[in-house]
Amino acid sequence: MLFHVKMTVKLPVDMDPSLATRLKADEKELAQRLQRDGVWRHLWRIAGHYANYSVFDVPSVEALHDTLMLLPLFPYMDIEVDGLCRHPSSIHSDDR
Ligand SMILES: O=C(O)CC1=CCC(=O)O1
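In this text the structure is predicted, and so the values were computed from the model without any measurement.

Here we take up the site of the ligand. The environment of the ligand is formed by V9, E27, K28, A31, W40, R45, Y50 and N52. One of the side-chain N or O atoms of R45 is found 2.7 Å from an oxygen atom in the ligand. Between an oxygen atom of the ligand and a side-chain N or O atom of N52, the distance comes to 2.8 Å. The fraction of the free accessible surface of the ligand (290 Å²) that becomes covered by protein chains is 88%. Judged by the proximity of its atoms to the pocket grid, the ligand belongs to the largest pocket. For the shell around the ligand, the secondary structure elements donating two or more residues are helix 1 (17-36) and strand 2 (40-45). Sorting elements by how many residues they give to the shell around the ligand places helix 1 first, with three residues.

The structure is reproduced here in structure tokens:
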């Protein structure tokens, strides 16, 4: 199942800079592993915002939830999710 996810990062202004640096590094490591595993299909910065648009490929809504909860920045993000299904005019046969 494919999901479009918008993540907006909201780190507290008074967060210890070394904690912020560690969270971002841990987030990057997990995000790149999930991309290599084919779970995190797309990751785009939203220009002008500390936010991203992502596409996740997971077996269920529960799996999406569990994956998002693993993200080190999860406690500091607003997350919006939309389920995706195949568009009848799509030429991409791997969309599902
Ligand atoms: O910077 C972001 O948008 C949050 C994030 C997601 C994956 C990552 O490495 O950072």
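With that out of the way, let us pick up the pattern of salt bridges. Any two side chains of opposite charge can pair, so long as their charged atoms come close to each other. Under the defined criterion, the tally for this structure stands at two salt bridges. The salt bridge partner of K10 is D78, with a shortest N-O separation of 2.7 Å. Of this pair, K10 sits in the loop between strand 1 (2-9) and helix 1 while D78 is found in strand 4 (residues 77-84), placing the two residues 68 residues apart along the sequence. Ionic pairing is found between D57 and R41, a salt bridge with its closest N-O pair at 3.1 Å.

In this structure, L30 sits in helix 1. Residue classification places L30 among the buried positions, given a relative accessible area of 12%. When the C-alpha atoms of L30 and L71 are compared, they prove to be 7.3 Å apart, with 41 residues separating the residues in sequence. With near-sequence residues (within four places) excluded, L30 lies in contact with L70, L71 and P72.

Looking at the element boundaries, K6 is found in strand 1. For K6, a relative accessible area of 24% gives the class partly exposed. Separated by 39 residues in the primary sequence, K6 and R45 have C-alpha atoms spaced 9.9 Å apart. Discounting residues that sit within four places of it in the chain, K6 has contacts with I46, N52, Y53, D78, I79 and E80.

What counts as what
Residues numbered from 1 in each chain as written. Predicted model: local features only at pLDDT ≥ 70, side-chain atom pairs only at ≥ 80, totals over all residues. Heavy atoms only, no water. Near = heavy atom within 4 Å. Polar contact = N/O pair within 3.5 Å; in protein donor to acceptor, adjacent residues only side chain to side chain. Areas by Shrake-Rupley, 256 points an atom, 1.4 Å probe, with all protein chains shown as cover. 1 Å grid on protein atoms, 1.4 Å probe; cavity = no way out; pocket = protein on both sides within 12 Å on 5 of 7 lines; lining within 4 Å. Sits in = over half its atoms within 2 Å of the grid points. Helix = DSSP H or I, 4+ residues; strand = E, 2+ residues; numbered from the N terminus. Salt bridge = Lys/Arg side-chain N within 4 Å of Asp/Glu carboxyl O. Buried < 20%, exposed > 50% of the residue type's maximum accessible area, 1.4 Å probe, protein only. Contact = heavy atoms within 4.5 Å.

Shape is all these values report; function is a separate question.
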